[in-house]
Amino acid sequence: MSLGNLGNILMLTCLLASLIQALYLIYPHTSFGKININYRVLTRIIFITCLASFLLLIYLFLESNFNYQLVVNNSHSEKPLIYKIAGAWGNHEGSLLLWILVLSFFNFVFLETKIKNTEFKKYVISFQSLMIFGFTLFLLLTSNPFLATENITNEGLGLNPILQDLLLAIHPPILYVGYVGYSIVLSFAVGGMITNKIDQEWARWLHPWVIVSWIFLTAGIGLGSFWAYYELGWGGYWFWDPVENASLMPWLAGTALFHCVIILEKKNILQSWVILLSILTFSLSLIGTFLVRSGILNSVHTFASDPSRGLFILVFLAIILIISFTLYAIKAPTLDKKSKINIVSKEAGILANNWLLLSSLFVVFLGTLYPLAVDLFLQKSISVGPNYYVLSLMPILLLLLLIMIVGPVSKWQNDKLTNILFSISKLFILSLAIIFAFSIYFSELKLTQITLLTLCLTLMLVSIKNGIRTNRNYSIISPSLGKSLAHIGFGLLILSVIANTTFATEKIFQAQVDDLLVIDNYKFKFDKVNQTKGKNFNAITATFSLLDNKTVIETFKPEIRIYSNPPTVTSETSIVRKFLADIYIVMNIPENADFVNVRIHIKPMMSFIWFSIILMVLGGISSIFFRIKLIK
Amino acid sequence: MKTRSLIIIIFLFIFSPVAFAELKLTKEQDSRATELFKETRCLVCQSQTIYDSNSEMATDLKLYIIEQIIAGKSNYEIENQLVKNYGEWILMTPAFSQSNYFLWFGPFIILLLGAIMMLRYILKNNE
Amino acid sequence: MNKIKIIYFTPVVIVLIFLIFLFQLLNKDVKKLSSALIEKPVPEFEMQTLYSDITLLNSNDINSSNVALVNVWASWCIPCRAEHEILMLLSKIEGLDLYGINYKDKKINALNFIDNLGNPFKKIGVDKNGRSSMVWGVYGIPETFIIHKGTVIYKHIGPIHLNELENVILPILAKLL
């Protein structure tokens, strides 16, 4: 039996098992008792077949097995080992298989949790299996990774050299754990609605799942952004590109969601809202994947890649969404508990957080889909660039920072506004003084930026103060460490982004060897140009030295790489990270010229941007860690 | 017309197409040019402005914009002509036109609606 | 007793409308790419021609034809080579005038190209620096425009493949001629 056939059999098994599992949704009380006993077995079978298939696919890439079309299209025998492996998921079919694997993995882990409510558990697993079934069917019918090569060949067409990057190799798996992880959250909502169990205990079970998914989604987005900065050579890290937005939207919904799960857990209110957000988050993941894989997002100016695939995903999306939202419509009114919320309280603060995050979500959603709508209805082509997002999000961001400052320090249930304001006033004044002093020295700062920077700094200081608390049981670090870290991270992120946008400079030179290039207070010398060789490319490398008087402080080696398979030319940036700024050099060689075009960027605060994302991820991890400690 | 074409061709060959800052533009013209470059989309690149891009199309458009500035056209006129040639999508920021009202006002409407819904919920439950 | 509140059905309704929207997006006639020029008059332009120092090619020429096809090409453009035989076929259609715009090319290469592959064009304009073609919104050749009585009807980006000729171009031309 060929390996491809093995792969197909594995996925067919998965298909069958998930179908049987999903049927429980319709036939829960059937007493062909087999279903009752075997749901554990089925879940395990589903996971094992998906895992085996995925490993099999990786193996095919590893051994450069060109009997399979996918390997031919995406690999080459000369590819470095690690990129051969990454090639397995660096394409539509492989990444789809990864999707299914993550779906099944979350299903499997959920099975192993110690939730005793079997009825609830089975419904969650069944709905998750329904989604696994849909995706597996999609894979087998339209996107099978194990298809045999059509025209026998000895060599692959090679992986795009831009994708030959360690960061980009790990970005999809990490992103997917987050992106797809919210599937179990949706299943939780469906299971809870069917069994009428949306309560504090349900929230307690759900909590780790929303946090874990959030952690991975945050990390995944951060990695993608980091990669874009390092690899694309454009100097930017976020472009408000539809594909980026497709990952940001679930993140915004997911962030709103876990804040509400906390309220549900503590106060037993907002049941229907939590359900709605649970459904919304994964819906956004599904919509995102639909937009990207159906070719619609590119189709405004190129031809659609494969409309039949798009139709399948759309039908599947429709089924999942309609089931979930209809269940919501029927069940939600019965699930809400009476609540008393005071306008000055932590609960209100979290509601405000939701209001602002979802408004942001709407902005991103609108910006992404508007060109499509205008094209469809008015036959006009418009494009929505970064300015739209920045302008529209600015007021929301201001309010959000304010809420993040006062919210976490507010008491549950009821608090006095004066108390809250008093508790943050000292730090606010301190921040104001610092930023004000900066603004005198740096005249580029305008009022909006000063306001935002002050709020960011206040947020960071308040969160730091909040996070360090002496307490009998926990010594110096309190369980709210996770929250504090994440909030500090967010404050630092916005602060760094504003500083970076305001103070970044760049200059373009046409340089010849021995030229001295000056930008701001930096002096660079163009030392030499020579040819170099890499594993599967030839390169022209230029060497620049950053000088302090006559001493060389740093060396830069931007290069132009020429790959043979597929024939591509890329420009590699040379980046040197100093504490407060990155120096970013890109080179480009015009035809028939005796000089090179060099772009030197000075980008302040870049490291802080990456660090802030790490802080947010650490915040998430800490909150899970402390939960585990609390349970023990 | 011919002389100008000659000058442009000389510029093309002698100067880097990208080092426009060193061409004979006044400071004000140069900053106008940069502003326009950052607002014009490079149509053959994904998500880049012609300011950021090194592609041929970006270079052509930059040259065109500079010519137009030297010829005395206003930023508004230049943008309009670009839109006339290529369509509205060549501008990074969508125009504030009737067909885009929902795009620009939508977020504020939703923000307002959201605030109302949130306040209603809090006040209703506060009896 | 289940309380059914209509307001909770709002999300489903929104979702249904959104799904219909997505469906429309999928089924959109992607081949009809939007161009800023569709249903607008032929843009004003003037350029020298390939074969003569005296004759010019300008918008008047295009407007004078009942149905015109303007093709932007270059000798260095490989898809243009592939497309050329389709243009030769089209040139045989009665009542259809073909005009070429030679884009950012060397005169001698362009002449060789036509000598070797044939001349389907009534006139060939020369746009050495790509400036004159800007009014056509050219950004990636080959590009082809179909014009009816001075109004731009259709823009095709990229080479015209055989199936596109059959399924798109000829039907459009049939309606106009």
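Residues numbered from 1 in each chain as written. Chains lettered and ligands numbered in written order. Predicted model: local features only at pLDDT ≥ 70, side-chain atom pairs only at ≥ 80, totals over all residues. Heavy atoms only, no water.

### Regarding the interface of chain C and chain B
Part 1 of the argument: Across the boundary between the two partners, chain C contributes twelve residues, which contact 16 residues of chain B.
Part 2 of the argument: When chain C packs against chain B, close to 1,100 Å² is buried across both sides, 55% of that on carbon and sulfur atoms.
Part 3 of the argument: Taken as a group, Arg131, Met134 and Tyr139 of chain C account for 54% of the area that chain C buries against chain B, more than any other trio of residues on that side.
Part 4 of the argument: Applying the counting rule to chain C against chain B returns three salt bridges.
Part 5 of the argument: For Lys104 of chain C, the salt bridge is made with Glu56 of chain B, and the minimal N-O distance between the two is 2.8 Å.
Part 6 of the argument: Connecting chain C to chain B are five residue pairs in polar contact (both at pLDDT 80 or more). (Contact = heavy atoms within 4.5 Å. Buried area = accessible area lost by both parts, 1.4 Å probe. Salt bridge = Lys/Arg side-chain N within 4 Å of Asp/Glu carboxyl O. Polar contact = N/O pair within 3.5 Å; in protein donor to acceptor, adjacent residues only side chain to side chain.)

### A word on the pairing of strand E3 (residues 67-73) of chain C
All names here are of chain C.
Part 1 of the argument: In terms of residue burial, E3 counts as a mostly covered element, since seven of its seven residues are buried.
Part 2 of the argument: In this structure, E3 lies alongside strand E4 (residues 96-103), joined through seven bridges in parallel fashion. Across the sheet, Val67 pairs through a bridge with Leu96, a residue of E4.
Part 3 of the argument: As for the winding sense of the linkage, the β-α-β connection from E3 through helix H3 (residues 78-90) to E4 is right-handed.
Part 4 of the argument: For E3 and strand E6 (residues 143-148), the ladder comprises six bridges, and the chain directions are antiparallel. Bridge assignment links Asn71 to a residue of E6, and that residue is Thr144. (Buried < 20%, exposed > 50% of the residue type's maximum accessible area, 1.4 Å probe, protein only. Helix = DSSP H or I, 4+ residues; strand = E, 2+ residues; numbered from the N terminus. Pairing = 2+ DSSP bridges. Right-handed = clockwise from strand over helix to strand, strands pointing away.)

### Some details on helix H8 (residues 200-232) of chain A
All names here are of chain A.
Part 1 of the argument: Between its first and last C-alpha atoms H8 spans 46 Å; for 33 residues at 1.5 Å apiece the expected length is 48 Å, and the two agree.
Part 2 of the argument: Most of H8 is tucked away, with 24 of its 33 residues classed as buried.
Part 3 of the argument: N-cap assignment for H8: the residue whose side-chain oxygen lies 3.1 Å from the backbone N of Glu201 is Asp199.
Part 4 of the argument: Directly after H8, the chain includes Gly233, whose backbone phi takes a positive value near 75°. (Expected span 1.5 Å × (residues − 1).)

### Describing the interface of chain B and chain A
Part 1 of the argument: Each side of the interface is counted separately: chain B has 42 residues, and chain A has 43 residues.
Part 2 of the argument: Carbon and sulfur atoms make up 61% of the surface buried where chain B meets chain A, a total of about 3,800 Å² over both sides.
Part 3 of the argument: Taken together, the links from chain B to chain A amount to one salt bridge.
Part 4 of the argument: Where chain B packs against chain A, one counts 16 residue pairs in polar contact (both at pLDDT 80 or more).
Part 5 of the argument: When residues of the side of chain B that touches chain A are assigned to their parent elements, the largest contribution, 15 residues, is made by helix H5 (residues 101-124) of chain B.
Part 6 of the argument: Grouping the amino acids of the side of chain B that touches chain A by side-chain chemistry returns 21 nonpolar, 15 polar and six charged. (Nonpolar A, V, L, I, M, F, W, Y, C, P; charged D, E, K, R; others polar.)

### Some thoughts on the sheet that holds strand E11 (residues 581-588) of chain A
Backbone hydrogen bonds are what pair the strands of a sheet, in a parallel or an antiparallel way.
All names here are of chain A.
Part 1 of the argument: Strand order across the open sheet formed by four strands is E3-E12-E11-E10, with antiparallel pairing between neighbours. Strands at the two margins of the open sheet, each flanked by one partner only, are strand E3 (505-511) and strand E10 (574-577). Going across the sheet, the axis of each strand differs from the next one's by a mean of 15°, ignoring polarity.
Part 2 of the argument: Where E3 lies against strand E12 (residues 596-604), seven bridges are found, and the strand directions are antiparallel. In the strand pairing of E12, Thr505 is matched with Ile602. (Axes fitted to C-alpha atoms, helices over the stretch in contact; angles between N-to-C directions.)

### With respect to the state of the cysteines
Part 1 of the argument: Considering all chains together, one arrives at two disulfides over all chains under this definition.
Part 2 of the argument: Through a disulfide, Cys42 of chain B is tied to Cys45 of chain B; the S-S separation comes to 1.9 Å. Taking the torsion about the S-S bond as the criterion, the Cys42 of chain B to Cys45 of chain B disulfide, at about 55°, is right-handed.
Part 3 of the argument: Of the residues examined, Cys42 of chain B reaches a relative accessible area of 1% and is grouped as buried.
Part 4 of the argument: Here Cys77 of chain C connects covalently by a disulfide to Cys80 of chain C, the sulfurs 2.1 Å from one another. In this structure, the disulfide formed by Cys77 of chain C and Cys80 of chain C twists by about 85° around the S-S bond and is classed as right-handed. The same class applies to Cys77 of chain C and to Cys80 of chain C, which are both buried.
Part 5 of the argument: With no disulfide of its own, Cys14 of chain A has Cys50 of chain A as its nearest cysteine by sulfur position, at a separation of 3.4 Å.
Part 6 of the argument: Residue classification places Cys14 of chain A among the buried positions, given a relative accessible area of 0%. (Disulfide = S-S within 2.5 Å.)

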